[in-house]
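Observations on the model geometry
Now for the letters of each chain:
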Amino acid sequence: MAFSSPEQEQVLVEAKSFARILTLNRPKQLNALSFSMISQLLECFLAYEEDPNVKIIILKGKGRAFCAGGDVATVVRDIAEGDWKLGANFFSKEYILNYLMATYRKPQVSILNGIVMGGGNGVSVHGRFRVATENSVFAMPETALGLFPDVGASFFLSRLPEFFGEYVGLTGARLDGAEMLACGLATHYVPSTRLSLLEDALCNVGSDDPSIVSSIIDKYSEQPRLKEQSPYNRLDMINKCFSRRTVEEIISALEREVIDRKDSWISTTIETLKKASPTSLKISLRSIREGRLQGVGQCLICEYRMVCHVMRGELSKDFFEGCRAILIDKDRNPKWQPSKLELINDSMVDRYFSKVNDTEWEDLKLPARSNLPASAISKL
């Protein structure tokens, strides 16, 4: 079974026994999430949760990407042509989908056989099972775009081991499948040659019991080795530097380390941080630190406030400049304003976390959830 209109074919839907297979189908755009894709996924997940004939949802991408993120270039164009509230509507629906997945009553298995970045993590990491492969490439690259790790990243990055989430969120570091498994972003690692066998086995489960689903994925899984230069092997160094209170202190700590040892990884990390939007770095660090103490719903409500401030462009226009430099003109030379970390004080950061001063604006309204499994309740 597949939906037939051209617009709806951005998500292919297949019913196979007790499973529903949803395939993100914009391969030329690396399956970047459009508003219509988010709307269709939301509709499907709501319907399947109530359908007793559906036991499991499998989510995957067509081509070399699972999903490279939300279609932010279109969001920026919409805002430029009219009202920032068009963008707010996009993010509102996306975050509601993230929340539904985080609190879902049935197992979602995301097959991350390729690029999974930004919004692609929002539609996968919150789900019960995330299967990485040798082709997986994870990143949350938002600070280079003048944005911040959103889609509930303040929840899932803050729960990675020690201060690895700060490192990943601030630098936009790319992780492979083995690293995703090691830090907990993936629950399993399955070689891509076994994916079709895994999919067939999952379709024949006939049960929505997560332990049964997990045992089936286990049969096709293997334990990959981390490459020697993996940042996950540098967790002690990451903890030492990225545990600091401010972005400035993090950079200073890295600079002190590079004096003692000529290490290209440290130099590259410093360079990456210095190229990112100073405003993005500051609000991202605050978001991850606060997210560590919040439930997933609270994280998404807070991120929605932040993204609305970003789109309004009153505090900083870095998001529009980042999209211009990276996605539109592609000169990769953004001119950030404010241009330096020291020009951004705590009260400026505070404003991103406050309610938007607009009579028509309201906080993100998350749907009421009930009869949740223990795995979902623990996220609240």
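To keep things clear, this report deals only with the structure shown in the data block. (Residues numbered from 1 in each chain as written. Predicted model: local features only at pLDDT ≥ 70, side-chain atom pairs only at ≥ 80, totals over all residues. Heavy atoms only, no water.)

This brings us to the pairing of strand 2 (residues 19-24). Counting buried positions along strand 2 gives six out of six residues, so the element sits mostly inside the fold. Alternating residues of strand 2 divide into A19, I21 and T23 and R20, L22 and L24, and every residue in both groups is buried. Pairing between strand 1 (residues 11-16) and strand 2: six bridges, direction antiparallel. Bridge pairing links L12 to T23 in strand 2. Counting the residues that bridge the hairpin from strand 1 to strand 2 gives two residues, and of these S17 lies at a positive phi of roughly 55°. Here strand 2 runs beside strand 3 (residues 56-61); their pairing, made up of six bridges, is parallel. Among the inter-strand pairings, L22 is bridged to a residue of strand 3, identified as L59. (Buried < 20%, exposed > 50% of the residue type's maximum accessible area, 1.4 Å probe, protein only. Helix = DSSP H or I, 4+ residues; strand = E, 2+ residues; numbered from the N terminus. Pairing = 2+ DSSP bridges.)

So, about the sheet that holds strand 4 (residues 65-67). Strand order in the open sheet formed by four strands is 4-6-8-9, with mixed pairing between adjacent strands. Looking at which strands have only one partner, the edges of the open sheet turn out to be strand 4 and strand 9 (175-176). Sheet topology note: the strand 8 (residues 137-139)/strand 9 ladder contains two bridges and is antiparallel. Of the residues in strand 9, the one forming a bridge with F138 is L175.

On to the environment of K85, then. Mapped onto the elements of the fold, K85 is located in helix 3 (residues 84-102). With a relative accessible area of 26%, K85 lands in the partly exposed category. Along the sequence, K85 and C183 sit 98 residues apart, while their C-alpha atoms lie 36 Å from each other. Contacts of K85, omitting those with residues within four sequence positions, involve D358 and E360. (Contact = heavy atoms within 4.5 Å.)

Consider a sheet: its strands pair through backbone hydrogen bonds, and that pairing is either parallel or antiparallel. Taken together, the six strands give an open sheet; going across it, the order is 1-2-3-5-7-10, and neighbouring strands pair in mixed fashion. Either end of the sheet is taken by a strand with one partner, and the two such strands are strand 1 and strand 10 (188-189). Where strand 5 (residues 108-112) and strand 7 (residues 129-132) come together, four bridges link them in parallel fashion. Bridging across to strand 7, L112 finds its partner in A132. Packed on one face of the sheet, helix 9 (residues 210-220) meets strand 3, strand 5, strand 7 and strand 10 and runs near 5° to strand 7. (Axes fitted to C-alpha atoms, helices over the stretch in contact; angles between N-to-C directions.)

Let us now look at the pattern of salt bridges. Tallying each qualifying case throughout the model produces 27 salt bridges. Of the charged contacts, one joins K227 and E179 as a salt bridge, the two residues approaching to 3.2 Å between their closest N and O atoms. With a gap of 48 residues between them, K227 in the loop between helix 9 and helix 10 (235-242) and E179 in helix 7 (residues 177-183) connect regions that are remote in the sequence. (Salt bridge = Lys/Arg side-chain N within 4 Å of Asp/Glu carboxyl O.)

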